Amino acid sequence: MKKPLRPTALLASVLAALLASSVAYAQDATAPSVSAAEFERCLAGLRGSAAFASISESTWQAHVKPLQPDATVLPLLNRQPEFTLPVWDYMAMLVDKERVQDGRAAYRQWLPTLRQIEQRYGVSPAVVTGVWGVESNFGKIAGGRPLLQSLSTLSCFGRRQSYFRGEFASALRIVQEGSIAAHKLNGSWAGAFGHTQFMPSTFLSIAVDFDGDGKIDLFRSTADAIGSVANYFVAHGWKPGMPAFYPVQVPADETALRTLLAPDINPTFNATQMLSAGARLLDGGDKHNGPLALVEFPNG
């Protein structure tokens with residue numbers, strides 16, 4: 001039986017904000033064995049690389065030298081629910097009755113701040129509240145793994161080491177600059193943290209001090225967290241009224257499309273590339289010139 005048409009392409013600016021929500025749902029699998037000696041050699045190599053040039057020797061000695069690898073993060077690289085569950089199952093898991101009720105309560109409680117955010121960034125209170133709910137269930141589920149340990153491990157073992165090395169360097173910068181103490185920098189297995197599950201590089205480039213107290217706190221300042229969500233959207237080209245997704249009709253022969261998606265767990269591409277791979281973009285998606293990202297790819 002032919003599968004019904006489903007919305008499969010989401011603007012990259014929206015998907016990136018949702019990726020870290022896997023902290024709440026990814027389940028641990030059997031951890032592989034990793035070598036402590038290999039970990040030390042890897043860290044020594046990172047120390048001399050350009051990405052870590054801004055990290056002082058005192059920061060390195062205090063916060064990197066004592067680290068031990070955490071192999072339990074490695075199986076989670078392949079178990080992110082955004083990519084292992086059909087999109088409708090994923091949405092049903094995230095948007096249940098309790099979360100909707102909590103969202104309405106959070107919306108009412110923070111509406112004055114949300115209105116201020118809308119005035120500054122043009123992102124509606126409903127959109128900001130929705131992202132907040134998906135990311136951490138309104139601050140209830142933010143993760144408790146030490147980021148430096150997780151990111152150092154992912155920098156040395158498993159897939160996507162280059163990506164995680166950049167995030168590890170960014171996390172060390174956060175600590176070095178005094179933005180967040182190392183022992184308080186806890187979050188998801190992949191390195192996301194706070195109410196809105198920002199990655200360290202996103203924190204450095206996009207997070208804002210919306211409450212005006214002179215510091216950015218995505219853990220205890222709801223205003224900073226939700227204001228940063230809106231700034232994230234604007235930084236990625238969000239315009240008021242822009243659709244959140246475009247439906248895509250997958251071709252009968254999926255070979256070219258799978259090749260397009262193969263390089264990365266979060267592939268991005270444009271409408272022209274999707275069309276050349278045989279997909280049919282509906283509802284104006286073929287006219288979208290910016291990056292797209294796939295949220296569901298039907299099997300079989």
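Let me sum up the structure you'll find in this document. (Residues numbered from 1 in each chain as written. Predicted model: local features only at pLDDT ≥ 70, side-chain atom pairs only at ≥ 80, totals over all residues. Heavy atoms only, no water.)

**Observations concerning the overall build of the chain**
A count of helices and strands for the chain gives 13 helices and seven strands. Partitioning the intrachain contacts of the chain with sequence separation of at least 6 by distance along the chain shows that 74% fall at a separation of at least 24. (Helix = DSSP H or I, 4+ residues; strand = E, 2+ residues; numbered from the N terminus. Contact = heavy atoms within 4.5 Å.)

**With respect to the state of the cysteines**
In total, this model carries one disulfide according to the counting rule given. Across a sulfur-sulfur distance of 2.1 Å, Cys42 and Cys156 are joined as a disulfide pair. Looking along the S-S bond of the Cys42-Cys156 disulfide, the torsion reads about -85 degrees, which is the left-handed sense. Of this pair, Cys42 sits in helix α2 (residues 36–47) while Cys156 sits in helix α8 (residues 147–156); the two residues are 114 residues apart in sequence, bridging distant segments of the chain. Given a relative accessible area of 14%, Cys42 falls into the buried group. The exposure class of Cys156 is buried, given its relative accessible area of 7%. (Disulfide = S-S within 2.5 Å. Buried < 20%, exposed > 50% of the residue type's maximum accessible area, 1.4 Å probe, protein only.)

**Considering the packing of aromatic side chains**
With the rule as written, the count across this model stands at nine aromatic pairs. Relative to Phe168, the ring of Phe52 lies with its centre 5.5 Å away and its plane at 65 degrees, an arrangement referred to as edge-to-face. Separated by 116 residues along the polypeptide, Phe52 in the loop between α2 and α3 (57–63) and Phe168 in helix α9 (residues 161–176) bring together distant segments of the chain. Exposure remark for Phe168: the relative accessible area of 0% places this residue in the buried category. Each ring, one from Tyr121 and one from Phe210, has its centre 6.4 Å from the other, and the planes form 40 degrees; the classification is tilted. On the criterion of sequence distance, the pair formed by Tyr121 in helix α6 (residues 97–121) and Phe210 in the loop between α10 (200–206) and α11 (222–235) is long-range, its members being 89 residues apart. Its relative accessible area of 10% is what places Phe210 among the buried residues. (Phe/Tyr/Trp six-rings, centres within 6.5 Å; stacked < 30°, edge-to-face > 60°.)

**Observations concerning α9**
The end-to-end C-alpha distance of α9, which contains 16 residues, comes to 22 Å, matching closely the 22 Å that a straight helix rising 1.5 Å per residue would cover. Of the positions making up α9, those classed as buried are Phe164, Glu167, Phe168, Ala169, Ser170, Ala171, Leu172, Ile174 and Val175. Buried residues belonging to α9 abut α2, α3, α8 and α10. Just past α9, the residue Gly178 takes up positive phi, approximately 80 degrees. (Expected span 1.5 Å × (residues − 1).)

**Some points on the packing of α8 against α9**
Where α8 meets α9, the axes come as close as 7 Å, and the angle between the chain directions of the two elements is 150 degrees. The angle between the axes of α8 and α9 places the two elements in the roughly antiparallel class. The chirality of how α8 crosses α9 is left-handed. Only Gln161, Phe164, Arg165, Glu167, Phe168, Ala171, Leu172 and Val175 of α9 make contact with α8, whose side of the interface consists of Leu148, Leu151, Ser152, Leu154, Ser155 and Cys156. Grouping the amino acids of the contact of α8 with α9 by side-chain chemistry returns nine nonpolar, three polar and two charged. (Axes fitted to C-alpha atoms, helices over the stretch in contact; angles between N-to-C directions. Parallel < 35°, antiparallel > 145°, perpendicular 65-115°, else oblique. Left-handed = near helix turned anticlockwise from the far one by under 90°. Nonpolar A, V, L, I, M, F, W, Y, C, P; charged D, E, K, R; others polar.)

**Quick word on unusual backbone geometry**
When glycine is set aside, most residues are seen to have a negative phi, and most peptide bonds are trans. Its identity is not glycine, yet Asn137 carries a phi of approximately 55 degrees, on the positive side. A positive phi is found at Gln197, a non-glycine position, where the angle reads about 50 degrees. On the secondary structure map, Gln197 appears in the loop between β3 (186–187) and α10.

**Some remarks on the environment of Leu111**
Locating Leu111 in the fold gives a position in helix α6. What makes Leu111 partly exposed here is its relative accessible area of 24%. In sequence terms Leu111 and Pro125 are 14 residues apart; their C-alpha atoms lie 7.2 Å from each other.

**A few points about the environment of Gln273**
Structurally, Gln273 can be placed in helix α13 (residues 271–276). The class of Gln273 is partly exposed, set by a relative accessible area of 34%.

**Points about the pattern of salt bridges**
Inspection of the entire model under this criterion finds six salt bridges. Note that Arg47 is salt-bridged to Glu57, the shortest N-O span being 3.2 Å. One end of the pair, Arg47, is in helix α2; the other, Glu57, is in helix α3, and 10 residues separate them in sequence. Take Arg47: its relative accessible area is 22%, and that puts it in the partly exposed class. (Salt bridge = Lys/Arg side-chain N within 4 Å of Asp/Glu carboxyl O.)

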